[in-house]
Amino acid sequence: MRELVVEGQEAIIIPSNYKFANRGVITAVSAGDFTLELEKEPENILPDTYFEIYTQTKHGKLYFDSYAKKIDGKTLLIASPATDTKKNFRYSANI
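Residues numbered from 1 in each chain as written. Predicted model: local features only at pLDDT ≥ 70, side-chain atom pairs only at ≥ 80, totals over all residues. Heavy atoms only, no water.

Caption draft 1: A look at the overall build of the protein. Along its length, the protein carries zero helices and seven strands. Ordering the α and β elements of the protein from the N terminus gives β-β-β-β-β-β-β. Classification of the 95 residues of the protein by burial places 37% in the buried group. Across the protein, contacts joining residues at least 24 apart in sequence account for 52% of those joining residues at least 6 apart. Of the roughly 5,700 Å² that the protein leaves accessible, carbon and sulfur atoms contribute 49%. (Helix = DSSP H or I, 4+ residues; strand = E, 2+ residues; numbered from the N terminus. Buried < 20%, exposed > 50% of the residue type's maximum accessible area, 1.4 Å probe, protein only. Contact = heavy atoms within 4.5 Å. Areas by Shrake-Rupley, 256 points an atom, 1.4 Å probe, with all protein chains shown as cover.)

Caption draft 2: Quick look at the pairing of strand β4 (residues 50–57). The two faces of β4 differ: Phe51, Ile53, Thr55 and Thr57 on one face are buried, but Tyr50, Glu52, Tyr54 and Gln56 on the other face are not. Relative to β4, strand β1 (residues 10–14) runs antiparallel, the two sharing four bridges. Its bridge partner lying in β4, Ile13 is registered against Ile53. Here β4 pairs with strand β5 (residues 60–72) via eight bridges, running antiparallel. Paired with Ile53 across the bridge in β5 is Phe64. (Pairing = 2+ DSSP bridges.)

Caption draft 3: Representation of the pattern of salt bridges within the structure. In total, this model carries one salt bridge according to the counting rule given. Of the charged contacts in the structure, one is a salt bridge between Asp33 and Lys69, with a shortest N-O distance of 3.0 Å. Pair noted here: Asp33 is in strand β3 (residues 33–38) and Lys69 is in strand β5, with a separation of 36 residues, a long-range link. For Asp33, a relative accessible area of 17% puts it in the buried group. Assessed through its relative accessible area of 38%, Lys69 is described here as partly exposed. (Salt bridge = Lys/Arg side-chain N within 4 Å of Asp/Glu carboxyl O.)

Caption draft 4: A look at the packing of aromatic side chains. All chains considered together, the criterion is met by three aromatic pairs. For the pair Tyr54 and Tyr63, a centre-to-centre distance of 5.0 Å together with 35° between the ring planes defines the contact as tilted. In this structure Tyr63 comes out as buried when scored by relative accessible area, which is 17%. (Phe/Tyr/Trp six-rings, centres within 6.5 Å; stacked < 30°, edge-to-face > 60°.)

Caption draft 5: Expanded view of the side chain of Gln9. Its location among the elements puts Gln9 in the segment before β1. Reaching out from Gln9, the side chain makes a polar contact with the backbone nitrogen of Val6 at a distance of 2.7 Å. Side chain to side chain, Gln9 and Thr55 meet in a polar contact 3.0 Å long. Excluding residues that lie within four positions of it along the chain, Gln9 makes contacts with Leu4, Gly24, Val25, Ile26, Thr55, Gln56 and Thr57. (Polar contact = N/O pair within 3.5 Å; in protein donor to acceptor, adjacent residues only side chain to side chain.)

Pasting the structure below:
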């Protein structure tokens, strides 16, 4: 996942109620998660609740489902789909 999600990359998150979509910048990436700093306060986004993530990589558009492990103001710690075993993830890249 670290090859596809990198620091400084912009991302859009869309919760089940799309009216609360938000965007931000990825500020840190590790093997198990990454940090997303949002432009606006996260409304209708709760820990352990799925939302869609869309971003552009050098390989094409990337989409996957994930959830926030922790929310601290505008900062979300998001689970990496490659390492989480308790939930099923869908992700794809349009290469």
